[in-house]
Amino acid sequence: TQQRSEEGQRTAASREQPVLEPESGGKMSGFDVDVDQIGWGEPSHLTRYHSPYYNESHVKWRMHLRKWCEEKLQPNIPKWEQEKVIPHSVFRDAFRVGFLPAIVGAPWPEELCGPCPGLAPGEKFDAFHELIAWEEICRLGSGGLAWGICEGIQIGVPPLLNFGTPEMRKVAQQCLMGEKVICLCISEPYAGSDVANIRCTAQKKRVLNKKTGVEEEVYVVNGEKKWITNGTYADYFIVAARTGPKGNKGISLLLVDRSMAGLETKRMDCMGMFASGTAYITLEDVHVPCSKVIGEVNKGFYYIMYNFNHERWGFVAQSTEFARVCLDEATRYALRRRTFGKTLVEHPVIRAKIGEMARQIESTHAMLELLTYQMTQMSKEDQMTKLAADCALIKVQATKMFEFCAREAAQIFGGASYVRGGQGEKVERLYREVRAFAIPGGSEEIMLDLAVKMAQKKYGQVLKSRL
């Protein structure tokens, strides 16, 4: 009887204590960091486990960016979300701390931007530094903020760096330094994931230059672009247009700037991502000099595909961190909120929700790290072909997982997640922004189909080689 009484007292005492306690420091990881962690609120390498992927430079880089994100960005998110625009000064500040060049990917463009400010001399910038940059800005819980600052750069600058002329690289430099904003214009009202069938046209014609009075050869661009991130306040536009036959072998990329007559942008009011500057763009008889064609004529589809895996990898990084934000916010709320005489986390059904979110996040993040490691070992050409199928699959995994976590976190918050602002602010916002990751960059359905097709193609090649 006495033993049962003591066991009952211990059980009662355990119920009175929070199930999850904040952790501080990186004793197991070997890194000296000071973070307020509860459960799975931080990547495992930072405080809980050793990792073969990260070194001290990665941790220093994370803390360098975290300080800037928390001090310069976080206090302004509600204001920028409401105004649906991010001040231009933020871009210059993002360059100052090394953020903008980081999200274009390794190697660090030192010839354009100087040395990376967050790394010591001799430390090499790699794909894990880029992953950390995405995680730190997404840790603030605003997709509109992340896309407003990053997305145009991440998908708009690479074509200029990889295939552009020296003059185009100067444009890339302006964007990387936060002096100008760029966007990539592919999607149309008629073609989203179906890139090969875009209708925007660029016809080569001889026209009279009204300023010089001399005839010159230009591309006359006509068409519409839709859902263009950063388009409302962009200075430069990378436009995919048809310059040749139907299909993917008749597309070119052109560098258009806002000063060209006939280009108009209109802000789109979307479900979420308010500060991202999503635009509907019309191009009516826009005269683009032939020198503004990026790379070779009719090679645009290849140039788009060249960066598509990197873009999808970015979606995976963002979705995984946003899901982690949902988990962390919900866990902290469950430790505070009391119902029926005890905290939410003392209810088994709530613990099950937290555990299920953690299970999916940690497994997805492990695959993300594995994929990131492959990026450190492969050339960009190899990444384009060898990582395509798995990039497609993990994008589906990450966005479905993000959607699940946003829903479960909202359930834990209850009515607090239905109100803009207050305790459930991040969860409410992220719940609205899930679709912006599940659809762009290749919808979940397209991604699954692509992965299986590529596996079939590879199997067919292997089978043929054995005959």
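These numbers come from a predicted model, not from an experiment. Position labels on residues start from 1 in each chain and follow its written sequence. Restriction of local features to residues with pLDDT of at least 70 applies here, the model being predicted, together with a cutoff of 80 or more for giving and counting side-chain atom pairs; totals for whole chains, interfaces and linings are based on all residues. By convention in this description, side-chain values take in all heavy atoms of the structure and omit both hydrogens and water.

Caption draft 1: Local environment of empty space enclosed by the protein. A cavity here means a set of points on a 1 Å grid, drawn over the protein atoms and nothing else, where a 1.4 Å probe fits but cannot get out; a pocket is an open set with protein on both sides within 12 Å along at least five of seven lines, and a residue lines either one if it has an atom within 4 Å of a point. Grid points are joined across faces, edges and corners, and a volume is the space filled by probe spheres set on the points. Taken as a whole and judged by the stated rule, the model has 2 cavities of 30 Å³ or more. Charged residues are taken to be Asp, Glu, Lys and Arg, nonpolar residues to be Ala, Val, Leu, Ile, Met, Phe, Trp, Tyr, Cys and Pro, and polar residues to be all remaining types, Gly included. Its residues placed into classes, the lining of the largest cavity shows 4 nonpolar, 4 polar and 3 charged. Quantified by volume, the second largest cavity comes out at close to 40 Å³. Lining the second largest cavity, in full, are Ile155, Pro159, Leu184, Tyr303, Ile304, Asn307, Phe308 and Glu311. Ranked by the residues each element gives to the lining of the second largest cavity, the list is headed by helix 12 (residues 300-336), at 5 residues. Of the residues in the lining of the second largest cavity, the class split is 6 nonpolar, 1 polar and 1 charged. Only DSSP runs of H or I covering at least 4 residues are called helices, and only runs of E covering at least 2 are called strands; the numbering of each starts at the N terminus.

Caption draft 2: Region of interest: the environment of Ile238. By the element assignment, Ile238 lies in strand 6 (residues 236-242). Remark: the alpha-carbon pair of Ile238 and Ser379, spanning 141 residues in sequence, is separated by 24 Å. Note on contacts: a residue pair is in contact if any heavy atoms of the two residues lie within 4.5 Å. Among all residues touching Ile238, those that are not within four sequence positions of it are Gly156, Leu160, Ile182, Cys183, Leu184, Cys185, Leu253, Leu254, Leu255 and Ile294.

Caption draft 3: Seen up close, the nonpolar core. The biggest cluster of nonpolar side chains holds 133 residues, and the ones touching the most others in it are Leu73, Phe99, Ile137 and Ile149. A total of 17 residues in this core trace back to one element, the largest contributor, which is helix 12. With sequence-adjacent residues up to four places away left out, Ile149 is seen in contact with Leu73, Ile86, Val90, Phe91, Ala94, Leu100 and Ile137. Residues belong to one nonpolar core when they are buried, are Ala, Val, Leu, Ile, Met, Phe, Trp, Tyr or Cys, and are joined through side-chain atoms within 4.5 Å. Burial classes follow relative accessibility: with a 1.4 Å probe on protein chains only, a residue under 20% of its type's maximum area counts as buried, one over 50% as exposed, and anything between as partly exposed.

Caption draft 4: Spotlight on the layout of surface pockets. Space inside the second largest pocket adds up to approximately 580 Å³. In this structure, the second largest pocket is lined by 27 residues; those nearest its centre are Gly105, Ala106, Pro107, Lys380 and Gln383. Contributing elements (two or more residues each) for the lining of the second largest pocket: helix 8 (127-138), helix 10 (158-163), helix 12, helix 13 (348-377) and helix 14 (380-386). Here the element with the most residues in the lining of the second largest pocket is helix 12; it accounts for 4 residues. Looking at the lining of the second largest pocket residue by residue, the class counts come to 13 nonpolar, 8 polar and 6 charged.

Caption draft 5: Structural view of helix 12. To estimate the expected span of a helix, subtract one from its residue number and multiply by 1.5 Å. Look at helix 12: 53 Å from first C-alpha to last across 37 residues, which is about the 54 Å you get at 1.5 Å a residue. By the largest-angle criterion, Phe308 marks the main kink of helix 12, which is about 35°. Burial within helix 12 is extensive, with 33 of its 37 residues counted as buried. Fitting axes to the seven residues ending at a residue and to the seven starting there, one defines the bend at that residue as the angle between these axes.

Caption draft 6: Quick peek at the packing of helix 8 against helix 9 (residues 143-156). An axis is simply a line fitted to the C-alpha atoms; with a helix, the fit covers only the stretch in contact. Between two such axes, the angle follows the N-to-C directions and lies from 0 to 180 degrees. Orientation of helix 8 relative to helix 9, taken along the N-to-C sense of each, is 155°, at an axis distance of 9 Å. Judged by the angle between their axes, helix 8 and helix 9 are roughly antiparallel. On helix 9, the residues that touch Glu130, Trp134, Ile137 and Cys138 of helix 8 are Leu145, Ala146, Ile149, Cys150, Glu151 and Gln154. Here the contact of helix 8 with helix 9 is composed, by residue class, of 7 nonpolar, 1 polar and 2 charged. Any angle that falls under 35 degrees is termed roughly parallel, while one over 145 is termed roughly antiparallel, one within 65 to 115 roughly perpendicular, and all others oblique.

Caption draft 7: Geometry of the pattern of salt bridges. A carboxyl oxygen of Asp or Glu within 4 Å of a side-chain nitrogen of Lys or Arg is what we treat as a salt bridge. Considering all chains together, one arrives at 32 salt bridges under this definition. Residue Glu329 pairs with Lys426 through a salt bridge whose shortest N-O separation is 3.8 Å. Here Lys426 lies in helix 16 (residues 425-433) and Glu329 lies in helix 12, a separation of 97 residues in the sequence. Its relative accessible area of 19% is what places Glu329 among the buried residues. Assessed through its relative accessible area of 19%, Lys426 is described here as buried. Between Glu428 and Arg432 there is a salt bridge, with the nearest N and O atoms lying 2.6 Å from each other. Placement of the pair is Glu428 and Arg432 together in helix 16, with a separation of 4 residues, close to one helical turn. Linked through salt bridges whose partners overlap, the residues forming this network are Glu42, Arg62, Arg66, Glu70, Glu135, Glu136 and Arg139.

Caption draft 8: Spatial organisation of the environment of Ala392. Relative to the elements of secondary structure, Ala392 occurs in helix 15 (residues 388-413). Linking Ala392 and Gly262, residues 130 residues apart in sequence, is a C-alpha distance of 36 Å.

Caption draft 9: Representation of the pairing of strand 9 (residues 279-289) in the model. Between any two strands, pairing holds if DSSP finds at least two bridges. With 8 bridges connecting them, strand 5 (residues 215-228) and strand 9 associate as antiparallel partners. The residue bridging Glu224 from the neighbouring strand is Thr282, located in strand 9.

Caption draft 10: Highlighting the packing of aromatic side chains. Working definition: a ring pair exists when centres of Phe, Tyr or Trp rings (six-membered ring for Trp) sit within 6.5 Å. Plane angles under 30 degrees give stacked, over 60 give edge-to-face, the rest tilted. The final tally for this structure, using the stated rule, is 19 aromatic pairs. Look at Tyr53 and Phe128: their rings are 5.2 Å apart centre to centre, the planes differ by 20°, and that puts the pair in the stacked class. Taken together, the residues span a long stretch of sequence, with Tyr53 in the loop between helix 2 (44-47) and helix 3 (56-73) and Phe128 in helix 8 at a distance of 75 residues. We classify Tyr53 as partly exposed; its relative accessible area is 21%. Where Phe163 meets Tyr306, the ring centres are 5.0 Å apart and the plane angle is 75°; that geometry is what we call edge-to-face. A residue pair is termed long-range when its members are at least 10 positions apart, and Phe163 in helix 10 and Tyr306 in helix 12 qualify at 143 residues. Overall, the relative accessible area of 21% leaves Phe163 in the partly exposed class. For Tyr306, a relative accessible area of 11% translates into the label buried.

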